[in-house]
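Geometric and topological summary
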Amino acid sequence: MRRALVALVRKDLKLFRSDKRAVIVSLVLPAALALMFGMIFGAERHEVHVKTRVVDLDGSAGSQRIAGALAADKMLGARPATRAEADDLLRHDDIDVAVVIPRGFVARAAQGDQPTIEILSNPTSVAETGIARGVVDGVVARAIAPDLGPEAARCAGAGEPYATTVKPVSSGDTTYDGGSHALAGMGVQFILIGAVDSAVGMLNERQRGLFRRLRTAPLARAVLIASRLISGALVALLVIAFLYAFGSFTMGVSIKGSQAGFALVAVGFALMASALGLFMATIGKTPQATRGIGIFVVLIATMLSGAWFPAFLFPEWMQKATLFVPTRWAVDGLDAMTWRGLPLADAVLPAAVLFLSALALAAWSTFRFRWEE
Amino acid sequence: MLLETRGLVKRFGKLTAVDGVSLRVPAGTCIGLLGPNGAGKTTTVSMIAGLIEPDEGEVLIDGAPLAGDTDEKKRRIGLVPQDLALYDEMSARDNLELFGALYDLAPAELDRAAVAALDLVGLSDRARDRVKTYSGGMKRRLNLAAALLHDPQLLILDEPTVGVDPQSRSAIFANLTELRGRGKGILYTTHYMEEAERLCQRIVIVDHGVVIADDTLRGLEQARPPTRRLTVELAAPADGAPPAWLPDLRALAGIESAEISGETLAVTLVDLERVPAVLGFLGERRQRFTHVATERADLEDIFLSLTGHTLRDP
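Here is what the cut-offs are and how they apply
- Residues numbered from 1 in each chain as written.
- Chains lettered and ligands numbered in written order.
- Predicted model: local features only at pLDDT ≥ 70, side-chain atom pairs only at ≥ 80, totals over all residues.
- Helix = DSSP H or I, 4+ residues; strand = E, 2+ residues; numbered from the N terminus.
- Contact = placed C-beta atoms within 7 Å.
- Buried ≥ 20, exposed ≤ 12 C-beta atoms within 10 Å, placed from the backbone.
- Nonpolar A, V, L, I, M, F, W, Y, C, P; charged D, E, K, R; others polar.
- Core = buried A, V, L, I, M, F, W, Y, C linked by C-beta atoms within 7 Å.
- Axes fitted to C-alpha atoms, helices over the stretch in contact; angles between N-to-C directions.
- Parallel < 35°, antiparallel > 145°, perpendicular 65-115°, else oblique.
- Left-handed = near helix turned anticlockwise from the far one by under 90°.
- Domains from an automatic or database assignment.
- Pairing = 2+ DSSP bridges.
- pLDDT = per-residue confidence, 0-100.
- Expected span 1.5 Å × (residues − 1).
- Arc of directions from axis to C-beta.

**Focus on the overall build of chain B**
When helices and strands are counted, chain B shows 10 helices and 14 strands. Overall size of chain B, expressed as C-alpha extent along the three principal axes, is 75 × 45 × 35 Å. Restricting the contact set of chain B to residue pairs at least 6 apart, pairs at least 24 apart contribute 70%.

Here it is, written out as structure tokens:
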């Protein structure tokens, strides 16, 4: 009994050890994810940076002190911009907030008129906006203190000499829609999981000798790769269509921007995901190893896409690094065409990145896939 | 000549899996490609079917060299792979429509071909059933049918009867005999000697990637010493250790080998004229026997005499 038990356990461990790639993935995957989570939530928090612009419409000495203080702040590091520039940057998700100092702000504050300082916020940057508001309140009070007269001091008894309002800015009247963003994020994640299944299925077909039969016909290997690419992309498009139809019915999600742009990004992502499945099939020797590698790739790609966490939690370098991750462009592109309500032109760059990624991955797979066991 | 290979060589790293294999398959003929597991049969077949490129040598289909994945001459080849290369979740009919479409058959032509192929292998009444509901023998027959849709002149069968019940095996043999009768050339790889003996007009034997014999069965028999086998059922079975007289029997003139298992003594003779000497030897040692039989040399014996090991050895 004991010998049998030991022999059976030993057999399982031998089988596990025999698939070296699966072993490596089993060890590397949790370690890599722990490392990334550690970097996001761990000791580097002091590096959190709220991307800020300051729009000084006042132009007074006091407002310049405010702008200088916001620029000097470690978390904001605000750079000057015009109102139009700030609006454009916010609509394209390039900054988190813009602080607008209205014309005559300091003078009116000195007179006790309690003027309003406006914080224009990126609707996806909820936490960053909160941070920025706290910083602005402290900075402005100190910066304009020398300018405040007796009227202001009288008003100060009733409260601050100025008010702060937050105004979300996206395209037109649209505001952040968590449902739309969740659909983009979860859609990306589960379509990528489908790509892993496709890769595993491809290797199973190879194991079962099906490719031997298919390749006996006078067909180029590129045709066989293209057929997998197209079928995978069609399934991915079906998932996207279902998800957004479901979202429309249950959460009122709609495409507020360009429908053609949405279609362009969706097709680009569907092709990229399908090509990623082909790529995964080239790097795993066995279906088991490919599944392990695939899960690793999907988790990392989804996390870096911004589907799980707000981007401000990422270290600065990681925020830049994610621009090299195609899934980031997929989520951004789908967001742009749905709740952000941006035009077709704003779909071109995300779609181009996705199409080019699909092309590169498919080309790699055509040349590198091992058709024989 | 439907198929001719000239000096095919394939290396995988330091291993030379196929080393100068040349063979010919005329129309209306079945050629048996025999060899133990690992002899290079499947690698040879893969090169002939255009699945892998030979490192040296060439494959000629109707006298013209086969080159590349998209070579139109591949339409003249039908491969029945060793694996059951079928989509289990699809019906037999759907499988055939898929594999036929790879050869760009028009819908009406594909329909006729699928009906004919299913009819030939006796699966017409199960055409709409999913393949996963089929028995192993039915899958093997469908595996054959899938290679026939585009009406290839040359059929390559890579161990097509592995794991098949006797009834399905007979059905496959009947199908192949009929196809050969229609003028198809057949290259049949197997390590079952009886299959090659039954189906093939000519036998090519490979071992360690090298052709060691290429002849008709009769030619192979004549080219080798007429080894004969004598089987003696002893009255008293040997229990445990081999009897003390066995080495003396092996030392007799004209005895190639002598083995004992239970009550059966199997002796390989140079010729049947040695039988009285063997029986006399047993009589002198008071070994009584209940039955004596002789049999002709088969391919197993021929292979043994050519290589020094049996066909079933890995």
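**Quick word on the overall build of chain A**
Summing up its helical and strand segments, chain A has 15 helices and 5 strands in all. Sorting the 373 residues of chain A into buried and exposed places 43% on the buried side. Nonlocal contacts in chain A, meaning residues at least 24 apart in sequence, comprise 82% of its contacts between residues at least 6 apart.

**Section: the interface of chain B and chain A**
Counting residues at the interface gives 19 residues for chain B and 14 residues for chain A. Of the residues contributing to the side of chain B that touches chain A, the split by class is 11 nonpolar, 2 polar and 6 charged.

**Focus: the nonpolar core**
Grouped together as the largest cluster of nonpolar side chains are 70 residues, with contacts concentrated most on Ala145 and Ile156 of chain B. The element best represented in this core is helix α3 (residues 107-120) of chain B, accounting for 5 residues. Other than its neighbours up to four places away in sequence, isoleucine 156 of chain B contacts Val45, Ile48, Ala49, Ile77, Leu79, Val80 and Leu187 of chain B. Listed in part, the 58 residues of the second largest apolar core include Ala266, Leu304, Met337 and Leu342 of chain A.

**Things to note about the packing of helix α8 (residues 178-207) of chain A against helix α11 (residues 259-283) of chain A**
A pair of packed helices can be characterised by two numbers: the angle between their axes and the separation between those axes. Residues and elements named next belong to chain A. For the pair α8 and α11, interaxial distance at closest approach is 8 Å and the crossing angle is 40°. By the criterion of interaxial angle, the relationship of α8 to α11 is oblique. The chirality of how α8 crosses α11 is right-handed. Listed contacts from α11 to Ile191, Leu192, Ala195, Val196, Ser198, Ala199, Met202 and Leu203 of α8 are Ala273, Ser274, Leu276, Gly277, Met280 and Ala281. Within the contact of α8 with α11, the residues separate by chemical class into 11 nonpolar, 3 polar and no charged.

**Focus on the domain arrangement of chain A**
The accessible area lost on association of the parts is a frequent measure of interface size. One can read the domain layout of chain A as domain 1 (47-168) and domain 2 (178-368). The C-alpha centroid of domain 2 of chain A is placed 41 Å from the C-alpha centroid of domain 1 of chain A.

**Here's the deal with the pairing of strand β1 (residues 3-12) of chain B**
All names here are of chain B. The pairing of β1 with strand β4 (residues 56-61) spans 5 bridges and is antiparallel. Bridge pairing in β4 links valine 9 to glutamate 56. The pairing of β1 with strand β2 (residues 15-25) spans 8 bridges and is classified as antiparallel. Pairing of valine 9 across the sheet is with aspartate 19, part of β2. Taking the residues that link successive antiparallel strands as the turn, the β1-β2 hairpin has 2 residues, and the phi of glycine 13 there is positive, at about 65°.

**Some details on unusual backbone geometry**
Residue and element names in this part refer to chain B. Non-glycine residue aspartate 104 carries a positive phi angle of around 65°. On the secondary structure map, aspartate 104 appears in the loop between α2 (92-101) and α3. The exposure class of aspartate 104 is partly exposed, given the 13 C-beta atoms found within 10 Å. Here the phi dihedral of glutamate 159 falls at roughly 45°; this positive angle occurs in a residue that is not glycine. Mapping glutamate 159 onto the fold places it in the loop between β7 (154-158) and α5 (166-181). Overall, the presence of 21 C-beta atoms within 10 Å leaves glutamate 159 in the buried class.

**Section: the sheet that holds β1 of chain B**
All names here are of chain B. Here 4 strands make up an open sheet; going across it, the order is β2-β1-β4-β5 and the pairing antiparallel. What marks the edges here is a single partner per strand, and that holds for β2 and β5 (64-65). In this fold helix α1 (residues 41-48) packs onto β1, β2 and β4, with an angle of close to 120° to the strand it touches most, β1.

**Topic: the packing of helix α3 (residues 61-72) of chain A against helix α6 (residues 126-144) of chain A**
Residue and element names in this part refer to chain A. The contact between α3 and α6 brings their axes to 9 Å, and the two run at 140°. With respect to α6, the element α3 is oriented oblique. When the axes of α3 and α6 are compared, the crossing they make is right-handed. Between α3, through Gly62, Arg65, Ile66, Ala69 and Leu70, and α6, the contact on the second element is made entirely by Val139, Val140, Arg142, Ala143 and Ile144. A per-class count over the contact of α3 with α6 returns 7 nonpolar, 1 polar and 2 charged.

**Some remarks on the confidence of the model for chain A**
For chain A, per-residue confidence averages 83 on the pLDDT scale, and residues scoring 70 or more make up 83% of the total. Here helix α7 (residues 150-158) of chain A is the element of chain A with the lowest mean pLDDT, 55, and α11 of chain A is the one with the highest, 95.

**Notes on the sheet that holds strand β1 (residues 52-56) of chain A**
In a beta sheet, neighbouring strands are held together by backbone hydrogen bonds and run either parallel or antiparallel to one another. All names here are of chain A. Read across the open sheet, the 5 strands follow the order β2-β1-β3-β4-β5; overall the sheet is mixed. At either end of the open sheet lies a strand with only one pairing partner, and these are β2 (79-80) and β5 (163-168). Of the strand pairs in this sheet, β1 and strand β3 (residues 97-101) are connected by 5 bridges, and their pairing is parallel. The residue of β3 that forms the bridge with valine 55 is valine 100. Together, β1, β2 and β3 form the strand contacts of α3, whose direction differs from that of β1 by roughly 175°. Helix α4 (residues 83-91) rests against β1, β3 and β4 (116-121) of the sheet, and its axis sits at about 155° to β1.

**Overview of the environment of valine 106 of chain A**
All names here are of chain A. Its location among the elements puts valine 106 in helix α5 (residues 105-110). Counting along the chain gives 56 residues from valine 106 to tyrosine 162, while the straight-line C-alpha distance between them is 9.1 Å. Aside from chain neighbours lying at most four places away, what touches valine 106 is Asp58, Ser60, Gly62, Ser63, Ile144 and Asp147.

**A short note on α3 of chain A**
All names here are of chain A. In this model, α3 (12 residues) spans 16 Å end to end at C-alpha, consistent with the 16 Å of a helix rising 1.5 Å per residue. Inspection of α3 places Gly62, Ser63, Ile66, Ala67 and Leu70 among the buried residues, and these make up the whole buried set. Around the axis of α3, the buried residues are gathered within 145° of arc, so they sit on the same side. Summarising the geometry of α3, the exposed residues directed more than 90 degrees from the buried face are Ala61 and Ala72. If you follow the buried residues of α3, they end up packed against β1, β2, β3, α5 and α6.

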